[in-house]
Amino acid sequence: MIKQYLIGLALLLCELTSFGQWEEVYVEDIGNIEGLCFVNDSVGFIAIDGGVNNDTDFYLFQEVKKTDDYGITWNTIYYNELQCICPADSIELFNDIYFLNSEIGFISTGRYNGNHCDIIATFNGGETWERIPTELQTLDKFAFLDEEYGIVYSANGP
């Protein structure tokens, strides 16, 4: 009985050491990561909100970065510098990011006060982006099945 237990434990540890390997990847200090999506082993995307300077309510930036080398280097494919001094609850923030493949991707947006959410889409790998308006008050998480159909989680709460 003890022998069977030890063999089972050895097999479990063997599986954990074989498949449970993690490698740390460095990304420069970039702000708040609001979403991460990999479409295959090497290609991935990060949605970033630069944050709000609480002293001035000055919103810094929004950015999407792409890697095609397993996360070793990240290149900016979308950058929006928001040069406004305004109340933090009126600023549009990134909520999540989802890419179907390296060309087609979507970013969900929202505001602190929950009165307006949109989707920002690219169909050419981030060269151009278009805004798709929604009538949702919140748009938290989402995934797309193809270019036309998606699933959205929208929670109406504080």
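What counts and how
- Residues numbered from 1 in each chain as written.
- Predicted model: local features only at pLDDT ≥ 70, side-chain atom pairs only at ≥ 80, totals over all residues.
- Heavy atoms only, no water.
- Helix = DSSP H or I, 4+ residues; strand = E, 2+ residues; numbered from the N terminus.
- Buried < 20%, exposed > 50% of the residue type's maximum accessible area, 1.4 Å probe, protein only.
- Contact = heavy atoms within 4.5 Å.
- Areas by Shrake-Rupley, 256 points an atom, 1.4 Å probe, with all protein chains shown as cover.
- Pairing = 2+ DSSP bridges.
- pLDDT = per-residue confidence, 0-100.
- Patch = residues over 30% accessible without salt bridge, like charges linked within 9 Å, V, L, I, M, F, W, Y side chains within 5 Å.
- Salt bridge = Lys/Arg side-chain N within 4 Å of Asp/Glu carboxyl O.
- Core = buried A, V, L, I, M, F, W, Y, C linked by side-chain atoms within 4.5 Å.
- Phe/Tyr/Trp six-rings, centres within 6.5 Å; stacked < 30°, edge-to-face > 60°.

J.: Before we move on, can you summarise the overall build of the protein with the specific residues and values?
T.: Helix and strand counts for the protein come out as one helix and twelve strands. Ordered by position from the N terminus, the helices and strands of the protein form the series α-β-β-β-β-β-β-β-β-β-β-β-β. Looking at the 158 residues of the protein, the share that counts as buried comes to 34%. For the protein, long-range pairs separated by at least 24 residues make up 38% of all intrachain contacts whose partners lie at least 6 apart in sequence. When the accessible surface of the protein is summed, it comes to about 10,200 Å², and 54% of that surface belongs to carbon and sulfur atoms.

J.: Requested: an account of the pairing of strand β11 (residues 141-144), with residues and values cited.
T.: Alternating positions in β11 separate cleanly, Phe142 and Phe144 being buried on one face and Lys141 and Ala143 remaining unburied on the opposite face. Turn length for the β11-strand β12 (residues 150-153) hairpin, with the two strands adjacent in sequence and antiparallel, is five residues.

J.: Mind laying out the side chain of Thr109, listing which residues take part and the relevant values?
T.: Counting through the fold element by element, Thr109 comes out in strand β8 (residues 105-111). Classification of Thr109 by relative accessible area gives buried; the value is 0%. Beyond its immediate sequence surroundings of up to four residues, Thr109 is in contact with Glu92, Leu93, Phe94, Asn95, Cys117, Asp118, Ile120, Arg131 and Leu139.

J.: Give a detailed account of the confidence of the model for the protein, specifying residues and quantitative values.
T.: Of all residues in the protein, 64% have pLDDT values of 70 or greater, and the mean over the chain is 75. Within the model, pLDDT remains below 50 along residues 1-16, and this stretch shows one contact once partners closer than five positions in the same chain are excluded.

J.: Any chance you could break down a nonpolar patch on the surface for me, citing the residues and the numbers?
T.: A cluster of nonpolar residues, Ile33, Leu36 and Phe38, forms a patch on the protein surface that exposes about 290 Å² of accessible area. Overall, the relative accessible area of 54% leaves Leu36 in the exposed class.

J.: Tell me about the pattern of salt bridges, and please be specific about residues and values.
T.: By the definition in use, this model includes two salt bridges. For Lys65, the salt bridge goes to Glu63, with nearest N and O atoms at 3.5 Å. Comparing Lys65 with Glu63 shows no difference in burial state: the two are buried. Salt-bridge contacts for Arg131 lead to Asp118; the nearest nitrogen and oxygen are separated by 3.0 Å. Of this pair, Arg131 sits in strand β10 (residues 130-133) while Asp118 sits in strand β9 (residues 118-122), placing them 13 residues apart in sequence. The partly exposed category is assigned to Arg131, whose relative accessible area is 42%. Relative accessible area serves as the criterion here: at 3%, Asp118 is assigned to the buried category.

J.: Got a sec to walk through the nonpolar core? Specific residues and values, please.
T.: Listed in full, the twelve residues of the largest apolar core are Cys37, Val43, Phe45, Ala47, Val64, Ile77, Tyr78, Phe94, Ile97, Phe99, Ile107 and Ile120. Sorting the residues of this core by element identifies β2 (44-49), β6 (75-81) and β7 (92-99) as the ones contributing at least two each. At three residues, the largest contribution of residues to this core is made by β7. Ranked by size, the runner-up nonpolar core spans eight residues in total, among them Cys117, Ala121, Leu139 and Phe144.

J.: How would you explain the packing of aromatic side chains if you had to name every residue and give the values?
T.: Using the criterion set out here, one finds seven aromatic pairs in the structure. Relative to Phe99, the ring of Phe45 lies with its centre 3.5 Å away and its plane at 5 degrees, an arrangement referred to as stacked. Of this pair, Phe45 sits in strand β2 while Phe99 is found in strand β7, placing the two residues 54 residues apart along the sequence. The class of Phe45 is buried, set by a relative accessible area of 0%.

J.: Account for unusual backbone geometry, naming residues and giving values.
T.: If you check the backbone angles, Tyr70 has positive phi at about 70 degrees while not being a glycine. As for its position among the elements, Tyr70 is in the loop between β5 (61-67) and β6.

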